[in-house]
Amino acid sequence: MTVVPDVFVAIRQRMPTLSKTERRVAELVLADPDSVLHSTVNELAELCDTSQASIARFCRAVGFVGYREFRMAIAAANSREETARNHFRVADSEISPTDSALEVVTKVAYQEARAIEETARALDLTALDAIVDAVRGAARIDIYGAGSSGLTAQDLQQKLHRVGLTSFCFGDMHIALTSFALSRPGCVAIAISHSGVTLEAIQTLEIAHQAGATTVAITNFPESPLAVMADLVLTTSARETRYRSGAMVSRIAQMALVDFLVVRLLQGNYDEANEALRRTYDAVQSHRLPYPRAATRPSLKSPPARD
């Protein structure tokens, strides 16, 4: 089941595939949604310096039958945005150079909360369960991500490892490629890339696909080369911002997807997974300092030897 995201998410996700004219319309709509609410199709075409036919093509490109349906979707999404901003008490979600520390914290919290909410709302639940089934029965799971997506890959590998699943995640691309090349039918290969155009991520899935593994993409763009390469796709809904916190927001959305997947996985085999979590937790307890009763700085030095 593919769930259609709200109109702003749909526009952002399809932005890389839009024509130059369609992108001009998209940029105006995202910058000033009210212009759609207060404009006929002819008036919007004039604002965008294009034709009514181009507006109609743009509406279809982002998943709507026509301008009327698109305009209604803008009204609904705009209302949700306003409600969310009111909840966080931010008039504008963009961070400016003159914002106070409180405003920065509030706006970043707003952006990250919206990324998780929109990702959850638009999630393909059928794909999620198909990936969970494939991972649960996999002989091995290889995971790759570059840059900030590499942090998500490490998080997923660590969580799968702790519940007893054979999983690998490598920072070195050559080692990653050799690991993915050892895939076979019954294995799962997962590549994570916000843009969906990271060459290394695409290469890992291509090699795993040739080896017969089930391939999974986690990306923000459902029509990206990485998504097209994969058997199954999970899509985030993260927004780029003026201060390039897209790398932060995208990671938060990716981490949420990891948690959705892992918790769904645990549901199917709770007792065995819970035992694995207990054993792995106990294994590291001797490497933890006792919690001090008083607010004193703990010492990492070994106690003096006794005679």
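All residue numbers here refer to positions counted from 1 along the written sequence of the relevant chain. In view of the model being predicted, local features appear only for residues whose pLDDT reaches at least 70, and side-chain atom pairs are presented and counted only at 80 or more, with totals across whole chains, interfaces and linings using the full set of residues. By convention in this description, side-chain values take in all heavy atoms of the structure and omit both hydrogens and water.

Let's shift gears to the overall build of the protein. Broken down by element type, the protein carries 14 helices and five strands. Across its three principal directions, the C-alpha atoms of the protein cover 90 × 55 × 35 Å. When the 307 residues of the protein are sorted by exposure, 43% land in the buried category. Accessible surface is estimated by sampling points in the Shrake-Rupley manner with a 1.4 Å probe; for residues, cover comes only from the protein chains shown. In the structure as shown, the protein presents an accessible area of about 16,800 Å², 55% of it carried by carbon and sulfur atoms. When charges are counted, neither His nor the chain ends are considered; positive counts come from Lys and Arg and negative counts from Asp and Glu. A charge is said to be at NZ when it belongs to Lys, at CZ for Arg, at CG for Asp and at CD for Glu. Positive and negative charge centroids in the protein, built from 32 and 35 side chains respectively, lie 5 Å apart. Numbering of helices and strands runs from the N terminus; a helix is a DSSP stretch of H or I covering at least four residues, while a strand is a stretch of E covering at least two. Any residue under 20% of the maximum accessible area for its type is buried, any over 50% is exposed, and the rest in between are partly exposed; the area is computed with a 1.4 Å probe on protein chains only.

Next up on the list: helix α5 (residues 52-61). Where α5 is concerned, the buried positions are S54, I55, F58 and C59. Along the axis of α5, the buried positions cluster into a sector of 140°, meaning they face one direction only. Contact definition: two residues touch when any of their heavy atoms are within 4.5 Å. If you follow the buried residues of α5, they end up packed against α1 (7-14), α2 (20-31), α4 (41-47) and α6 (67-88). At the C-terminal side of α5, G63 shows a positive phi close to 100°. Along the arc lie the directions from the helix axis toward the C-beta atoms.

Here we come to the pairing of strand β1 (residues 141-145). Most of β1 is tucked away, with five of its five residues classed as buried. By the alternation rule, side chains of β1 split into I141, I143 and G145 and D142 and Y144, which are all buried. Two strands qualify as a pair provided that DSSP identifies no fewer than 2 bridges between them. Looking at chain direction, β1 and strand β2 (residues 167-169) are connected through three bridges and run parallel. For D142, the partnering residue across the bridge sits in β2 and is F168. Orient the strands so they point away from the viewer; a crossover is then right-handed if the path from the first strand over the helix to the second runs clockwise. For the handedness criterion, the β-α-β arrangement of β1, helix α9 (residues 148-162) and β2 is classed as right-handed. Inspection of the sheet shows β1 paired to strand β3 (residues 188-192) by five bridges, in the parallel sense. Within β3, the residue paired with I143 across the bridge is I190.

The next subject is the packing of aromatic side chains. The geometry of an aromatic ring pair is captured by the separation of the ring centres together with the interplanar angle, meaning the angle of the planes. Note on aromatic contacts: the rings of Phe and Tyr and the six-membered ring of Trp form a pair at centre separations within 6.5 Å, being stacked when their planes are under 30 degrees apart, edge-to-face when over 60 apart, and tilted otherwise. Across all of its chains, the model carries four aromatic pairs by this definition. Ring centres 5.5 Å apart and planes at 85° place the aromatic pair F58 and F70 in the edge-to-face group. Of this pair, F58 sits in helix α5 while F70 is found in helix α6, placing the two residues twelve residues apart along the sequence. F58 gets classed as buried once you look at its relative accessible area, which sits at 0%. On the accessibility criterion, F70 (0% relative accessible area) is buried. Here F64 and F70 contribute two aromatic rings whose centre-to-centre distance is 5.8 Å and whose plane-to-plane angle is 70°, an arrangement assigned as edge-to-face.

What follows deals with the pattern of salt bridges. In the sections that follow, a salt bridge refers to a side-chain nitrogen of Lys or Arg positioned within 4 Å of a carboxyl oxygen of Asp or Glu. Tallying each qualifying case throughout the model produces 15 salt bridges. In this structure, K107 engages D99 in a salt bridge whose closest nitrogen and oxygen atoms are separated by 3.0 Å. Accessibility classification places K107 together with D99 in one group, the buried group. With a shortest N-O distance of 3.4 Å, D133 and R136 are connected by a salt bridge. Of this pair, D133 and R136 are both found in helix α8 (residues 125-136), three residues apart, which corresponds to roughly one turn of the helix.

We now examine the sheet that holds strand β5 (residues 232-235). If you trace the five strands from one edge of the open sheet to the other, you get β2-β1-β3-β4-β5, paired in parallel fashion. Each having just a single partner strand, β2 and β5 make up the two edges of the open sheet. Going from strand to strand, the sheet's axes swing by 15° on average, the running direction of each strand aside. Alignment of strand β4 (residues 214-219) against β5, held across four bridges, turns out to be parallel. Axis lines are fitted to C-alpha atoms, over the contacting stretch for helices. Their N-to-C directions set the angle, which ranges from 0 to 180 degrees.

Let us look at unusual backbone geometry. In most cases, non-glycine residues show a negative phi, while peptide bonds are predominantly trans. Even without being glycine, D49 reaches a positive phi, approximately 55°. Along the chain, D49 falls in the loop between α4 and α5.

A word on the nonpolar core. Put simply, buried Ala, Val, Leu, Ile, Met, Phe, Trp, Tyr and Cys residues joined by side-chain atoms within 4.5 Å make one nonpolar core. Core analysis: the largest hydrophobic core is formed by 28 residues, its most contacted members being V135, I141, I143, L160, V188, I190 and L234. Among the secondary structure elements, those contributing two or more residues to this core are α8, β1, α9, β3, β4, β5 and α13 (246-268). Here this core takes six residues from α8, the largest share from any one element. Ranked by size, the runner-up nonpolar core spans 22 residues in total, among them A26, A45, V62 and A77.

In contact at an axis separation of 9 Å, α2 and α5 are set at 75° when each is read in the N-to-C sense. The orientation of α2 relative to α5 falls into the category roughly perpendicular. Together, T21, E22, V25, A26 and V29 of α2 and S54, I55, R57, F58 and A61 of α5 make up the contact between the two elements. As a working rule, the residues Ala, Val, Leu, Ile, Met, Phe, Trp, Tyr, Cys and Pro are called nonpolar, Asp, Glu, Lys and Arg charged, and the rest polar, with Gly in that last group. Classifying every residue of the contact of α2 with α5 gives six nonpolar, two polar and two charged. Should an angle fall under 35 degrees it is called roughly parallel, over 145 degrees roughly antiparallel, and 65 to 115 degrees roughly perpendicular, with every other angle called oblique.

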